[in-house]
Amino acid sequence: SKTRRILTTDIDELFLGKKIVDDDMIEDLEELLITSDMGVQTTMDIMERISGKRSRIAGAGELKRVLKEEILAYFDALPEPVPEAAAKPHVVMVVGVNGVGKTTTIGKLAAHESKKGRKVLIAAADTFRAAAIEQISIWAERAGAEIVRHKDNADPAAVAYDGIEAAISRGADTVYVDTAGRLHTKVNLMEEIKKIQRTLSKRLPDAPHEVLLVLDATTGQNALSQAKMFNEALGITGIALTKLDGTAKGGIVVSICSELNIPLKYIGVGEGVEDLQPFDPKQFVEALF
Amino acid sequence: MFDALSDKLNSVFKQLKGQGKLSEKNIADGLRAVRMALLEADVHYQVVKRLVADIKERALGQEVMGSLTPGQQVVKIVNESLTRLMGDTHEGLNLAGEKPVAVMLVGLQGSGKTTTAGKLAVLLRKEGKQPYLVPADIYRPAAIDQLKKVGGQLGVPVFDSTPEMNPVDICQQARVAAHKAGCDTLVLDTAGRLHIDEELMGELARIRTALKPTDILLVADAMTGQDAVNIAKSFDERLDIGGVVLSKMDGDARGGAALSIRSITGKPIKFIGVGEKLSDLEAFHPDRMASRILGMGDVLTMIEKA
Ligand SMILES: Nc1nc2c(ncn2[C@@H]2O[C@H](COP(=O)(O)OP(=O)(O)OP(=O)(O)O)[C@@H](O)[C@H]2O)c(=O)[nH]1
Ligand SMILES: Nc1nc2c(ncn2[C@@H]2O[C@H](COP(=O)(O)OP(=O)(O)OP(=O)(O)O)[C@@H](O)[C@H]2O)c(=O)[nH]1
Ligand SMILES: [Mg+2]
Ligand SMILES: [Mg+2]
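Residues numbered from 1 in each chain as written. Chains lettered and ligands numbered in written order. Predicted model: local features only at pLDDT ≥ 70, side-chain atom pairs only at ≥ 80, totals over all residues. Heavy atoms only, no water.

**Some details on the site of ligand 1**
Next up, step 1: As a matter of local geometry, ligand 1 sits amid 23 residues, with K102, T103, T104, D245 and E271 of chain A nearest to it.
Next up, step 2: More than one chain lines the surroundings of ligand 1; the residues nearby belong to chains A and B.
Next up, step 3: Contact distances for ligand 1 include 2.7 Å between an oxygen atom and a side-chain N or O atom of K102 of chain A.
Next up, step 4: With the chains in place, 95% of the 660 Å² that ligand 1 exposes on its own is no longer accessible.
Next up, step 5: No other element matches helix α6 (residues 102-115) of chain A, which puts four residues into the shell around ligand 1.
Next up, step 6: Each residue belonging to the shell around ligand 1 can be placed in one class, and the counts come to three nonpolar, 12 polar and eight charged. (Near = heavy atom within 4 Å. Polar contact = N/O pair within 3.5 Å; in protein donor to acceptor, adjacent residues only side chain to side chain. Areas by Shrake-Rupley, 256 points an atom, 1.4 Å probe, with all protein chains shown as cover. Helix = DSSP H or I, 4+ residues; strand = E, 2+ residues; numbered from the N terminus. Nonpolar A, V, L, I, M, F, W, Y, C, P; charged D, E, K, R; others polar.)

**Topic: the packing of aromatic side chains**
Aromatic rings in a pair are described by how distant their centres are and how their planes are angled relative to each other.
Residues and elements named next belong to chain A.
Next up, step 1: Under the counting rule described, the total for this entry stands at three aromatic pairs over all chains.
Next up, step 2: Ring geometry for F75 versus F279: centroids 5.2 Å apart, planes at 55°, classification tilted. In this pair, F75 sits in the loop between α5 (60-72) and β1 (90-95) while F279 sits in the loop between β8 (276-278) and α12 (281-288), placing the two residues 204 residues apart along the sequence.
Next up, step 3: Of the residues examined, F75 reaches a relative accessible area of 9% and is grouped as buried.
Next up, step 4: With 5.6 Å between their ring centres and 65° between their planes, F279 and F284 make a pair best called edge-to-face. Accessibility classification places F279 together with F284 in one group, the buried group.
Next up, step 5: A cation over an aromatic ring shows up here: R142 above the ring of W139, its NZ or CZ 4.5 Å from the ring centre. (Phe/Tyr/Trp six-rings, centres within 6.5 Å; stacked < 30°, edge-to-face > 60°. Buried < 20%, exposed > 50% of the residue type's maximum accessible area, 1.4 Å probe, protein only. Lys NZ or Arg CZ within 6 Å of the ring centre and 35° of its normal.)

**Quick word on empty space enclosed by the protein**
Next up, step 1: Evaluated as defined, the whole model comprises four cavities of 30 Å³ or more.
Next up, step 2: Of the pockets and cavities examined, the largest cavity occupies roughly 220 Å³.
Next up, step 3: Forming the boundary of the largest cavity are 25 residues, of which T218 of chain A together with L108, D221, T224 and I231 of chain B lie nearest the centre.
Next up, step 4: Contributions of two or more residues to the lining of the largest cavity are made by β4 (215-221) and α9 (228-239) of chain B.
Next up, step 5: Tallied by class, the residues present in the lining of the largest cavity amount to 11 nonpolar, nine polar and five charged.
Next up, step 6: What lines the second largest cavity is E84, H90, V92, L109, E113, T174, Y176, E210, L212, K265 and Y266 of chain A.
Next up, step 7: For the lining of the second largest cavity, the secondary-structure elements that each account for two or more residues are β1, α6, β4 (174-179), β5 (210-216) and β7 (264-268) of chain A. (1 Å grid on protein atoms, 1.4 Å probe; cavity = no way out; pocket = protein on both sides within 12 Å on 5 of 7 lines; lining within 4 Å. Points joined across faces, edges and corners; volume = space filled by probe spheres on them.)

Shown next, in the form of structure tokens:
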């Protein structure tokens, strides 16, 4: 079927036997952008700009180049990501909706930091989800990181406070605060996470130095709503996009990053400890087409 | 985006009311607005394309109802076809078979399988069944603990699996144990996996062969984007699923994935997850889902009154 074809093909094939950009090709391009979750508005914007240059585009190579340029432009002029070792302890709070990969991403980041010889501490501030504490404890062990944990259903802000306290007294370089998944539309849960943030800055005025929002590449247009509301509540400093090892393209980050002016820092490409990479816009755009 | 959409709709609905038939010309704007709404709701591009073509064909030549504009009437037709497309009646779990029967949960990582297993146990117990929870996820850290805790909260027995066991063995041994414990319905919680992971998809197929579940539910996140068709297609082709649970419907996602999944597999959406609590599972209502996907609540209310 058409669906299969478009997902497995690239622009070379759209151009098969054609010399100019015709209407069919424009429609195929539109499909390519929409099916990568780029969103209607962004797709229309890109299409409009491409259409304007249509007569000057000769052949697949040129169309590809122009398209990539257009999308790369969305990642231009974003603020520099927060450097990883600017403060000691460097406090990173990890947030996002349910099941996106927060805990796993912390595990990967912690392992990476430990490997560089930095002392890492994790605060197990998801006290709500069944066995969330056990899960992050296993990751801490894998990563060679210390963990601060309370009992199930304890106050997450208290765990965060103890985490930062322990990090200061033990001389840790980095603290990761694992938080429970919550939908951005739940007012009381968003208040709870704001309280965690306030508690961190009570103990250490600049903390958290990083508020990392985890987004799932499988998510469609709702990711924009997630990013907006977490950003309003907490001030997001960076994004991690997980599950890019599947067939979803995660195109919604294009508009999220540019609209909210937040850098995409990491991509998750699997469940293993090594499966986290720094985000590279060029590589991302290559993978789209 | 939403603003742009309602502006557009307003201009669509400013057209003269009533009189005459729906024509290529007077429905064009309405169709365009519907197309945008569906794409914004994450319905797959090809599904939207097919739908819009069908609707156009059905609409053309219809008499415009007295109180509606052609644009409104198009929305009415769309709403009706979406509702029909998603199934008219609610379908529950299929539990017909020799006891103990098994219900198997499958899906991508983090979609909500383990939580749904607990929710189904609550539902089954309400229906007078004796559920038995089976943790068959040996990969994710503390996945077995998670289901054990869920079972503990509910007072529902949970098979004592360990990460050293093989998932197929876990399920087979669990059936024997469930029978001994006087339980009639196993709920198999499998590990999250990508639909393109050959090895792990093969594992699911082996569990299916060994246990012959009477129902296999794909647990899919309501926030899923365009990839929903690929996911649903792969799981269905491999396992011949019995239905779908759409999780995390308590957020603000429009849930177009429901339509994509339904139209690509033809399988019913049986339940929706509406929260993290184990009581947060509801029957699926096609009409509510249709208007949520269309996101034209006001317009639809107006049309119903017409
Ligand atoms: N394929 C793949 N799976 C991932 C990736 N990141 C996380 N996962 C899996 O996604 C599932 C959810 O990950 P978690 O880290 O538990 O997600 P979370 O956001 O902490 O979830 P909650 O705390 O329940 O909200 C697990 O099965 C992970 O193994 C990734 O990059 N690729
Ligand atoms: N808001 C909301 N959260 C849900 C719902 N269903 C599940 N969750 C949450 O989503 C996250 C993932 O749920 P799990 O049940 O662990 O998902 P899973 O599919 O078993 O994940 P893996 O085993 O890692 O593949 C958890 O934080 C759950 O509490 C729902 O209907 N609404
Ligand atoms: Mg977690
Ligand atoms: Mg699970």
